[in-house]
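Summary of structural features
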Amino acid sequence: MGKITLKSVKKSFGEVDVIPGIDLNIEDGEFVVFVGPSGCGKSTLLRLIAGLEDTTAGIISIDGTDATDLPPAKRGLAMVFQSYALYPHMSVRKNIAFPLKMAGMSAEEQAKRVDHAAKILNLSSYIDRKPGQLSGGQRQRVAIGRAIVREPAAFLFDEPLSNLDAALRVNMRQEISELHQSLKTTMIYVTHDQVEAMTMADKIVVLNAGRIEQVGSPLDLYRAPANLFVAGFIGSPKMNLIEGAEAAKHGAKTIGIRPEHIDVTPDGAWQGVVGLSEHLGSDTFLKVNAGDLGTLTLRASGEVNFHHGDMIRFAPQAGKMMRFGTDGKLMA
Amino acid sequence: MARSVTPRRKILFTLAAWSVALLIFFPVLWTILTSFKTEASAVASPPQLFTADWTLENYAEVWGRSDYPRFFWNSVVISVGSTLLGLIVAIPAAWAMAFVPGRRTKDLLMWMLSTKMMPAAAVLIPMYLIFQRTGLFDTRFGLVMALMLMNLPVIVWMLYTYFKEIPGEILEAARMDGASLRNEILYVLTPMAVPGIASTMLLNIILAWNEAFWTITLTTTKAAPLSAFIASFSAPQGLFYAKLSAASTMAIAPILILGWFSQKQLVRGLTFGAVK
């Protein structure tokens, strides 16, 4: 089981309220991603759940038990750190077995569980090496192995892929997702990368300045961002946000349209000058200077032959435009 | 760009380095050479570095006249004992200062260090009286305690510096893995800090071995270490340089050999954290 509930959880460092008060429900078996810009409090929130930081106020309960004042080891959670945090003086085998040793498990049971974890994570061929002799990806696998053997109620991941190169990051992302599929254990994953959040999560929690801006499935957040912050944060490239007369025309303070929801068409209502075109092969991203509308990003599918200085016409797809009021919230 | 070193420059540097090293080592060398001279050539004027009549007589006499093994054993017990006891106290203290510092941790560290700047003579009488009245006078245990407390600031400071270099996340990982505070220090922190702990240990053994003020003041015969052994050769009958040198050589030889074999470790430990 791994149901985690936060009730009015608050964290202050001296005078500063890093997390002013958060309520959140995480269901058993869910893959929840905390996402937000640097300094939004996502790692602090994870550390509060882990027990590595004391909560200033509020209640954290795990499977119905109040765990607010429990030490980390008693919460039944396992954590994977950004820096891997492997024990450099121990072999891979000893690293993975460490939590079992601390739990006082018999040597045979330790060996059985370590071998099982090593098999799942393809660690068997370097089980007797020290962390210093492993690559970044291998180290991260060891860190995950160390978390798995404990059979925790939930896994906590603190930006685990940030130190890996882009290609490896994609692989590890898939591996972690597959691991979640097979273990079906609750996972809480912190990242600042919204692509990671979108691809891995069952539920995304968008944080800003210690507050939850929105909680929902990746597509909920993509289709109906609660406010301008979520609208700007979720989706890549970012949503175009337009203010002024064009927004007023639609009865809003700001209108938002995603780059993939703008079509380049000769009879489009909007026009602009191409500033930059990024050719990715499958898509082309155009930065267009559209006068009063500002600089907009457009996504054209496939290879499109536009160059710097070309005048183009384009139009938003019907029903895809989002309207935000003066309070920044999405209007119906 | 790296500065190119011309052969001429290299020779000059080498010469300068050797000169400084020789200058520092010269008193030790002089003592060792004198220990093999006769009393007459030891006090010859002008002083001679080398002599024609080398002798081992001084060693034979020093060995015969005093119980060298007892002094040696006392030195070992006092220096190793005070260092080990110091480590047992300092490791948890340095852990707390490095990983859960309070608002006054820095001040506390400075205060601890400042006690090292106090002139030892200022507390001579109280220390002497305390030792006499508590039955610690002329006991190895008393000296172990005294030297441990005296070197504790250095031990804590050195360990604190090493511990600061260990990423806190590794200790947090240990906590998540279910390690108690004791296990965290025993299985994770201490093995990771072994180079630092080893050099702290070596340096403190050397400091304690060479300590003379308190070891001579607070002992008479039973617990007297090698520093008192040397002092016993500056007898009221006059100074016997050759014998005194032989005694000194016998006293410093063990620590010199230890230092020689562990110099790599010592230098590494002392410069730890200086260059990242």
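Residues numbered from 1 in each chain as written. Chains lettered and ligands numbered in written order. Predicted model: local features only at pLDDT ≥ 70, side-chain atom pairs only at ≥ 80, totals over all residues.

**With respect to the overall build of chain A**
Stated formally: For the purposes of this entry, the term helix denotes a DSSP run of H or I that reaches at least four residues, the term strand denotes a run of E that reaches at least two, and both are numbered from the N terminus. Residues are called buried when their C-beta atom has 20 or more other C-beta atoms within 10 Å, exposed when it has 12 or fewer, and partly exposed otherwise; all C-beta atoms are positioned from the backbone. What counts as a contact here is a pair of residues whose C-beta atoms, placed from the backbone, lie within 7 Å.
Scanning chain A for helices and strands turns up nine helices and 18 strands. With respect to the three principal axes, the spread of C-alpha positions in chain A is 75 × 45 × 35 Å. A buried classification covers 41% of the 332 residues belonging to chain A. For chain A, contacts bridging at least 24 residues in sequence account for 63% of all contacts bridging at least 6.

**Here we look at the overall build of chain B**
Helix and strand content of chain B: 14 helices and two strands. With respect to the principal axes defined by its C-alpha atoms, chain B has extents near 70 × 65 × 30 Å. Nonlocal contacts in chain B, meaning residues at least 24 apart in sequence, comprise 79% of its contacts between residues at least 6 apart.

**Observations regarding the domain arrangement of chain A**
The following threshold applies: An automatic or database domain assignment supplies the residue ranges for each domain.
When the domains of chain A are assigned, the result is domain 1 (4–230) and domain 2 (239–324). Each of domain 1 of chain A and domain 2 of chain A has a C-alpha centre, and these two points are 38 Å apart.

**A few points about the interface of chain B and chain A**
Keep this limit in mind: In this count, Pro and Cys sit with the nonpolar residues alongside Ala, Val, Leu, Ile, Met, Phe, Trp and Tyr, while Asp, Glu, Lys and Arg are called charged and the others, Gly among them, polar.
Taken together, the contacts link 14 residues of chain B with 17 residues of chain A. Those elements that provide at least two residues to the side of chain B that touches chain A are α8 (168–176) and α9 (181–192) of chain B. Considering each element in turn, the side of chain B that touches chain A owes the most residues, six residues, to α8(B). Across the side of chain B that touches chain A, the residue classes tally to eight nonpolar, two polar and four charged.

**Structural notes on the domain arrangement of chain B**
Where interface size is quoted, it is often the accessible area lost as the parts come together. Taken domain by domain, chain B consists of domain 1 (7–59) and domain 2 (66–232). For domain 1 of chain B and domain 2 of chain B, the distance between their C-alpha centres works out to 34 Å.

**Things to note about the environment of B:Ile206**
Residues and elements named next belong to chain B. Along the chain, Ile-206 turns up in helix α10 (residues 194–210). Remark: the alpha-carbon pair of Ile-206 and Ser-79, spanning 127 residues in sequence, is separated by 7.5 Å. Beyond its immediate sequence surroundings of up to four residues, Ile-206 is in contact with Ile-255 and Gly-259.

**Notes on the pairing of strand β4 (residues 57–62) of chain A**
Residue and element names in this part refer to chain A. Rules: Pairing between two strands requires that DSSP report at least two bridges joining them.
Two elements, strand β1 (residues 4–13) and β4, share five bridges in a ladder whose sense is antiparallel. When the bridges of β4 are listed, Leu-6 appears paired with Ile-60. Taken together, the two bridges between β4 and strand β5 (residues 65–66) define a ladder with antiparallel strand orientation. Opposite Ser-61, over in β5, you have Asp-66 as the bridge partner. Taking the residues between adjacent antiparallel strands as the criterion, β4 and β5 are bridged by two residues, where Asp-63 takes a positive phi near 50°.

**Considering unusual backbone geometry**
As a rule of thumb, non-glycine residues mostly have phi less than zero, and peptide bonds are mostly trans rather than cis. The peptide bond linking A:Ser236 to A:Pro237 adopts the cis configuration, its omega dihedral lying at -5°. With respect to the helices and strands, the residue A:Pro237 is situated in the loop between α8 (228–233) and β11 (240–243). For the bond from B:Ser45 to B:Pro46, the omega torsion is 0°, close enough to zero to count as cis. With respect to the element layout, B:Pro46 can be found in the loop between α2 (39–42) and α3 (57–65). If you check the backbone angles, A:Lys184 has positive phi at about 55° while not being a glycine. Within the fold, A:Lys184 resides in the loop between α5 (166–183) and β8 (186–191). Residue class for A:Lys184 comes out partly exposed when judged on the 13 C-beta atoms lying within 10 Å of it. Not every positive phi belongs to a glycine, and A:Ala209 is a case in point at roughly 50°. Mapped onto the elements of the fold, A:Ala209 is located in the loop between β9 (203–208) and β10 (211–216).

**As for the sheet that holds strand β2 (residues 16–26) of chain A**
Pairing within the open sheet is antiparallel, and its four strands lie in the order β2-β1-β4-β5 (chain A). The open sheet has two free edges, formed respectively by β2 and β5 of chain A, since each of these has just one partner strand.

**Describing the sheet that holds strand β15 (residues 283–289) of chain A**
Two orientations exist for strands paired in a sheet by backbone hydrogen bonds: parallel and antiparallel. Residue and element names in this part refer to chain A. Formally: Note on geometry: axes are lines fitted to C-alpha atoms, helical ones only across the stretch in contact, with angles between N-to-C directions running from 0 to 180 degrees.
Taking strand neighbours across the sheet as the criterion, the five strands line up as β13-β17-β14-β15-β16 in an open arrangement whose pairing is antiparallel. Looking at which strands have only one partner, the edges of the open sheet turn out to be β13 (262–264) and β16 (295–301). Looking at each pair of strands side by side, their axes are set apart by 45° on average, direction ignored. Judged from the seven bridges that link them, β15 and β16 form a sheet pairing that is antiparallel. If you follow Asp-283 over to β16, its bridge partner there is Ser-301.

**Let's talk about the nonpolar core**
To be explicit about the condition: Any nonpolar core is a set of buried residues, restricted to Ala, Val, Leu, Ile, Met, Phe, Trp, Tyr and Cys, that join up through C-beta atoms within 7 Å.
Counting 144 residues, the largest nonpolar core has A:Val33, A:Leu156, A:Ile188, B:Ala94 and B:Leu159 as the members making the most contacts within it. The element contributing the most residues to this core is helix α7 (residues 140–164) of chain B, with 13 residues. Other than its neighbours up to four places away in sequence, A:Leu156 contacts A:Leu46, A:Ile49, A:Ala50, A:Leu77, A:Met79 and A:Ile188.

**Describing the packing of helix α5 (residues 105–115) of chain B against α7(B)**
A pair of packed helices is characterised by two quantities: the angle between their axes and the separation of those axes. Residues and elements named next belong to chain B. Defined as follows: Roughly parallel here means an angle under 35 degrees, roughly antiparallel means over 145, roughly perpendicular means 65 to 115, and every remaining angle is called oblique. A clockwise turn of the near helix away from the far one marks a right-handed crossing, whereas an anticlockwise turn of less than a right angle marks a left-handed crossing.
Two elements in contact, α5 and α7, have axes separated by 9 Å at closest approach and are oriented at 140°. The pairing of α5 with α7 is recorded here as oblique in orientation. The interaxial crossing formed by α5 with α7 has left-handed handedness. Listed contacts from α7 to Leu-109, Met-112, Leu-113 and Thr-115 of α5 are Pro-153, Val-156, Trp-157 and Tyr-160. When its residues are assigned to classes, the contact of α5 with α7 shows seven nonpolar, one polar and no charged.

**Focus: the environment of A:Asp202**
Residues and elements named next belong to chain A. Here Asp-202 lies in the loop between α6 (194–200) and β9. When the 16 C-beta atoms within 10 Å are taken as the criterion, Asp-202 is described as partly exposed. Each C-alpha atom of the pair Asp-202 and Leu-241 lies 27 Å from the other, and the pair is 39 residues apart in sequence. With sequence-adjacent residues up to four places away left out, Asp-202 is seen in contact with Glu-30, Phe-31, Val-32 and Ser-217.

**Considerations on the pairing of β1(A)**
Residues and elements named next belong to chain A. As paired elements, β1 and β2 share seven bridges and run antiparallel to each other. Note that in β2 the partner of Val-9 across the bridge is Ile-22. Connecting β1 to the antiparallel partner β2 that follows it, the hairpin turn spans two residues, and Gly-14 within it adopts a positive phi of roughly 65°.

**A look at helix α4 (residues 136–148) of chain A**
All names here are of chain A. Convention followed: Take the number of residues in a helix, subtract one, and multiply by 1.5 Å to get its expected span.
Between the first and last C-alpha of α4 there are 18 Å, a value that for 13 residues agrees with the 18 Å anticipated at 1.5 Å per step. Taking burial as the measure, the 13 residues of α4 include 10 buried ones, the bulk of the element. Of the residues making up α4, those classed as buried are Arg-139, Gln-140, Arg-141, Val-142, Ala-143, Ile-144, Gly-145, Arg-146, Ala-147 and Ile-148. Where α4 is buried, its residues meet β6 (77–80), α2 (92–102), α3 (107–120), β7 (154–158) and α5.

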